[in-house]
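Structural characterization, general
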Amino acid sequence: MERIVIRIAGMSCQGCVKGVTTALMALPGVAQVDVSLEAGQASVACDPGRVSVDQLRNAIEAAGFDAPVSP
């Protein structure tokens, strides 16, 4: 398992956190998701052979939030 941290913009409540968590957990290869509203990020434990960072970002964006690429 690998831990990937992705920044998330646009979350404002615990409902947003739940939506992002649900979207990420639905992806194959994702084992655990910890979303922090305060930090504006998701920490995802996943199998990099089954899910890519781009797929994680796409799931976040499909849930209605921005997942900007870290500089």
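Presented here is a report on the structure given in the accompanying data block. (Residues numbered from 1 in each chain as written. Predicted model: local features only at pLDDT ≥ 70, side-chain atom pairs only at ≥ 80, totals over all residues. Heavy atoms only, no water.)

1. Brief notes about the overall build of the protein
- What the protein contains, in helices and strands, is two helices and three strands.
- Along the protein, helices (α) and strands (β) appear in the sequence β-α-β-β-α when read from the amino end.
- Against the globule reference of 11 Å for 71 residues, the protein gives a C-alpha radius of gyration of 11 Å, in line with a compact fold.
- The dimensions of the protein, computed from C-alpha atoms along their principal axes, are 30 × 25 × 20 Å.
- Scored against the burial criterion, the 71 residues of the protein give a buried share of 37%.
- Counting only contacts in the protein whose residues sit at least 6 apart along the sequence, the fraction spanning at least 24 positions is 59%.
- When the 5 basic and 7 acidic side-chain charges of the protein are each reduced to a single mean position, those positions are 3 Å apart. (Helix = DSSP H or I, 4+ residues; strand = E, 2+ residues; numbered from the N terminus. Rg over C-alpha atoms; globule rule 2.2 N^0.38 Å. Buried < 20%, exposed > 50% of the residue type's maximum accessible area, 1.4 Å probe, protein only. Contact = heavy atoms within 4.5 Å. Lys, Arg positive; Asp, Glu negative; His and termini not counted. Charge placed at Lys NZ, Arg CZ, Asp CG, Glu CD.)

2. Details of helix 2 (residues 53-62)
- Within helix 2, the full set of buried residues consists of L56, R57, A59 and I60. An end-on view of helix 2 places all buried positions within 160 degrees of arc, on one side of the element. Among the exposed residues of helix 2, those pointing more than 90 degrees away from its buried face are D54 and A62.
- In this structure, the buried residues of helix 2 make contact with strand 1 (2-7), helix 1 (14-25), strand 2 (30-36) and strand 3 (41-46). (Arc of directions from axis to C-beta.)

3. Digging into the nonpolar core
- One finds L24 and L56 to be the most contacted residues of the largest nonpolar core, which totals 21 residues.
- When residues in this core are grouped by element, the largest group, four residues, is from helix 1. (Core = buried A, V, L, I, M, F, W, Y, C linked by side-chain atoms within 4.5 Å.)

4. Details of the pairing of strand 2
- In terms of strand pairing, strand 2 meets strand 3 through six bridges, oriented antiparallel. Considered in strand 3, the bridge of S36 is made with Q41.
- Counting the residues in the hairpin turn of strand 2 and strand 3 gives four residues, including G40, whose phi is positive at 65 degrees. (Pairing = 2+ DSSP bridges.)

5. Concerning the sheet that holds strand 1
- Strand order in the open sheet formed by three strands is 1-3-2, with antiparallel pairing between adjacent strands. Two strands close off the open sheet at either side, each with one partner strand: strand 1 and strand 2. On average, each strand axis in the sheet is inclined to that of its neighbour by 15 degrees, with strand direction left out of account.
- Here helix 1 sits on the sheet in contact with strand 2 and strand 3, set at roughly 165 degrees to strand 2.
- Sitting on the sheet, helix 2 is in contact with strand 1, strand 2 and strand 3, with an inclination near 45 degrees to strand 1. (Axes fitted to C-alpha atoms, helices over the stretch in contact; angles between N-to-C directions.)

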